[in-house]
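Chain by chain, the residues run as shown.
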Amino acid sequence: MAARRLLITGGAGFIGANFTHHWCARHPDDRVVVLDSLTYAGNRASLEALEADDRYRFVQADIVDTDAVRALLREEDLDTVVHFAAESHVDRSIHGPAEFVRTNVVGTWSMLDACRLEWPTESERRYHFHHVSTDEVYGSLAPDDPAFREDRQYEPNSPYAASKAGSDHLVRAYHHTYGMSVTTSNCSNNYGPYQFPEKLIPLMIVNLLTGKDLPVYGDGRNVRDWLHVQDHCAGIEAVIERGRVDQTYNIGGDNEWTNIDLVHQLCALMDEAFAADSDLAARFADALPARGQQSAESIKFVKDRLGHDRRYAIDGNKIADELGFKASIGFAEGLRSTLAWYLDNESWWRAVMDGSYRDWVAKQY
Ligand code: NAD
Ligand code: DAU
């Protein structure tokens, strides 16, 4: 396979940063350009280890700026787009949907159009657009419903999910109308390093360490299918390398948990970590286990999210059968290593939460 020249949008975000590290480690001959506008969720610090690598370049730009994207495609002769950039947090979409329509719908249109205008017109697999999407486009499952398959009807319920559904339809249309080589992956809930502490798992970890309550929405019985971000990156890689053009692939962990059971697991892991390492009590004096109490005592049931989807679950048979992909990181191991990462990277999460990583970045580059 000839070397690729990748454009990774949203590469300073959680999954995009993990994917950029994953791709650079596994594809030493490829050029990798990250385009990211650095919203509150984008942290150049997450890519710090690559700054000295000649194969890698970071460009701060907005995906809605079609001319800037076109110029970059031309200048770098990029042949593969991996499109992560998005507004990604459901709660924010409930409070401010406009930004989600702008970035997720208009931004995806802009990316597609820039590629249509810059790439050769014939539908060649060498020029390829991979769109990273979500299982939330399918809506919500009842407890006994079968898991989401790729042929399930779209029923997005939140402004976030609706904006991602719109972006998926645009990707499909650019293949059908213009013959662009495209693939889409729809993935379940990710967790792992570099996740902004507004999503359930890192929020609970950071709240535990800083002695805050753990807000569990509603009755805590909503179900999510959790996948370690490294497995998601491997799944996307399989689709880019071997996926059929114009196909969508669901990616999941076959790993369903109610929120409350998950939060209890995290609390138990936290108590274990404090029991095993006496330094933690000194570093995080406000955490309950530092004061001889159990972490689970800080769980608080709070008002439910508006329109809260009850259950998501992925049927991963298509990507397993066609591309041989299966998640490989067990949940107990993945949660433990994620907690260890947040314990080891306190300066990262403190800086991204208060925005001071921008000053840090300004000093570095
Ligand atoms: P994130 O919020 O952590 O990161 C998003 C990144 O996009 C940030 O770096 C941000 O600066 C950048 N960005 C936002 N608006 C931009 C714009 N207008 N121009 C350029 N860059 C912009 O998101 P994430 O959790 O890493 O999700 C990445 C993608 O994966 C999203 O498309 C999301 O819908 C999808 N997804 C996420 C999950 C999950 O569990 N997090 C699961 C399935 C799919
Ligand atoms: O399913 C894939 C999606 O997973 C992605 O497309 C989204 O980008 C990603 O944010 C995620 O969406 P969720 O809404 O499922 O993730 P979140 O971490 O916000 O919430 C997970 C569950 O935990 C959900 O049922 C709401 C609940 N929750 C969340 C927060 C932040 C709480 O109970 N308390 C909280 O404080």
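This text gives an overview of the structure that appears in the document. Residue numbering note: each chain is counted from 1, following its sequence as written. Chains and ligands are labelled sequentially in the order written, the chains with letters from A and the ligands with numbers from 1. With the structure being a predicted model, the display of local features is reserved for residues of pLDDT at least 70 and the display and counting of side-chain atom pairs for 80 or more, all residues being used for whole-chain, interface and lining totals. For side-chain calculations, the full set of non-hydrogen atoms in the structure is used, while hydrogens and water are omitted.

With that settled, consider the packing of helix α1 (residues 14–26) against helix α7 (residues 229–242). The N-to-C vectors of α1 and α7 enclose an angle of 60°; their axes lie 9 Å apart at closest approach. Judged on the interaxial angle alone, α7 and α1 are oblique. The crossing of α1 and α7 is right-handed. The residues of α7 that touch α1, namely those facing F14, I15, N18, F19, H22, W23 and R26, are V229, H232, C233, A234, I236, E237 and I240. Partitioned by chemical class, the residues of the contact of α1 with α7 number 9 nonpolar, 3 polar and 2 charged. Interaxial angles span 0 to 180 degrees and are taken between N-to-C directions of axes, which are lines fitted to C-alpha atoms, for helices over the stretch in contact. A run of DSSP states H or I qualifies as a helix once it reaches four residues; a run of E qualifies as a strand once it reaches two. Both are numbered from the N-terminal end. Angles are sorted into four bins: roughly parallel if under 35 degrees, roughly antiparallel if over 145, roughly perpendicular if 65 to 115, and oblique for all others. Left-handed is the label given to a crossing in which the near helix is rotated counterclockwise from the far helix by less than a right angle, and right-handed is the label when the rotation is clockwise. Contacts are residue-level and defined by heavy atoms, with any inter-residue pair within 4.5 Å sufficient. Residue polarity follows a fixed list, in which Ala, Val, Leu, Ile, Met, Phe, Trp, Tyr, Cys and Pro are nonpolar, Asp, Glu, Lys and Arg are charged, and the others, Gly among them, are polar.

With that out of the way, let us pick up the packing of helix α6 (residues 200–209) against helix α11 (residues 331–344). Two numbers describe how α6 lies on α11: the axes approach to 11 Å, and their chain directions differ by 50°. Between α6 and α11, the angle falls in the class oblique. α6 and α11 meet at a crossing whose hand is right-handed. Across from I201, P202, I205 and L209 in α6, the residues of α11 making contact are L335, T338, L339, Y342 and L343. The class makeup of the residues in the contact of α6 with α11 is 8 nonpolar, 1 polar and no charged.

With that settled, the discussion passes to the packing of aromatic side chains. Between 30 and 60 degrees the pair is tilted, below 30 it is stacked and above 60 it is edge-to-face, where a pair is any two Phe, Tyr or Trp rings, Trp via its six-membered ring, whose centres lie within 6.5 Å. All told, the structure shown has 18 aromatic pairs when counted by the stated rule. Taking the centre distance of 5.3 Å and the plane angle of 50° together, the rings of F19 and F84 count as tilted. Residue F19 is found in helix α1, and its partner F84 is found in the loop between β4 (80–83) and α3 (90–95); the two are separated by 65 residues along the sequence. No difference in accessibility class separates F19 from F84, as the two residues are buried. The rule is simple: take the accessible area with a 1.4 Å probe, protein chains only, and divide by the maximum for that residue type; under 20% is buried, over 50% is exposed, in between is partly exposed.

A helix is expected to reach a length of 1.5 Å times the quantity of its residues less one. Its 21 residues give helix α4 (residues 98–118) an end-to-end C-alpha distance of 29 Å, which sits within 8% of 30 Å, the value for a rise of 1.5 Å per residue. Approximately 30° is the largest bend angle found in α4, and it occurs at G107. Taken together, the buried positions of α4 are occupied by F100, T103, N104, G107, T108, S110, M111, L112, D113, A114 and C115. Buried positions along α4 lie against β1 (5–9), α2 (66–76), β4, α3, β5 (128–134) and α5 (159–178). Take the seven residues that end at a residue and the seven that start at it, fit an axis to each, and the angle between those axes is the bend at that residue.

The subject of this paragraph is the pairing of strand β9 (residues 223–228). Of all 6 residues making up β9, 6 are buried, and the element is well covered by its neighbours. Residue alternation in β9 divides its side chains into two sets, V223, D225 and L227 and R224, W226 and H228, and both sets are buried. Sheet topology note: the strand β7 (residues 189–191)/β9 ladder contains 3 bridges and is parallel. When the sheet's bridge partners are listed, Y191 is paired in β9 with H228. Strands pair, by our definition, only if DSSP identifies at least two bridges between them. Pairing of β9 with strand β11 (residues 256–258) involves 3 bridges; the strand directions are antiparallel. Opposite V223, over in β11, you have T258 as the bridge partner.

The next thing to look at is a nonpolar patch on the surface. Together, V101, V106 and W109 make up a nonpolar patch on the protein surface, roughly 230 Å² of accessible area in all. By the secondary structure assignment, W109 is in helix α4. Residue W109 is classed as partly exposed on the basis of its relative accessible area, which comes to 34%. Patches here: salt-bridge-free residues with over 30% relative accessible area, like charges joined within 9 Å, nonpolar side chains (Val, Leu, Ile, Met, Phe, Trp, Tyr) joined within 5 Å. With residues, only the protein chains shown are counted as cover, and all accessible areas are computed by Shrake-Rupley using a 1.4 Å probe. By convention in these notes, a salt bridge is any Lys or Arg side-chain nitrogen within 4 Å of a carboxyl oxygen on Asp or Glu.

A few words on the site of ligand 1. Only a single heavy atom is needed: when it lies within 4 Å of a molecule or strand, its residue is near that molecule or strand. In the vicinity of ligand 1 lie 30 residues, with I15, D36, S88, Y160 and K164 positioned nearest. Within the side chain of D36, an N or O atom sits 2.5 Å from an oxygen atom of ligand 1. Burial of ligand 1 by the protein chains amounts to 96% of its free accessible area of 840 Å². Secondary-structure elements contributing two or more residues to the shell around ligand 1 are α1, α4, β5, α5 and β7. Take the shell around ligand 1: its biggest share by element is 3 residues, from β5. Of the residues in the shell around ligand 1, the class split is 13 nonpolar, 12 polar and 5 charged. Here a polar contact is recorded for every N or O atom pair within 3.5 Å, except that within protein the pair must consist of a potential hydrogen donor and a potential acceptor, and residues adjacent in sequence are included only if both atoms are side-chain atoms.

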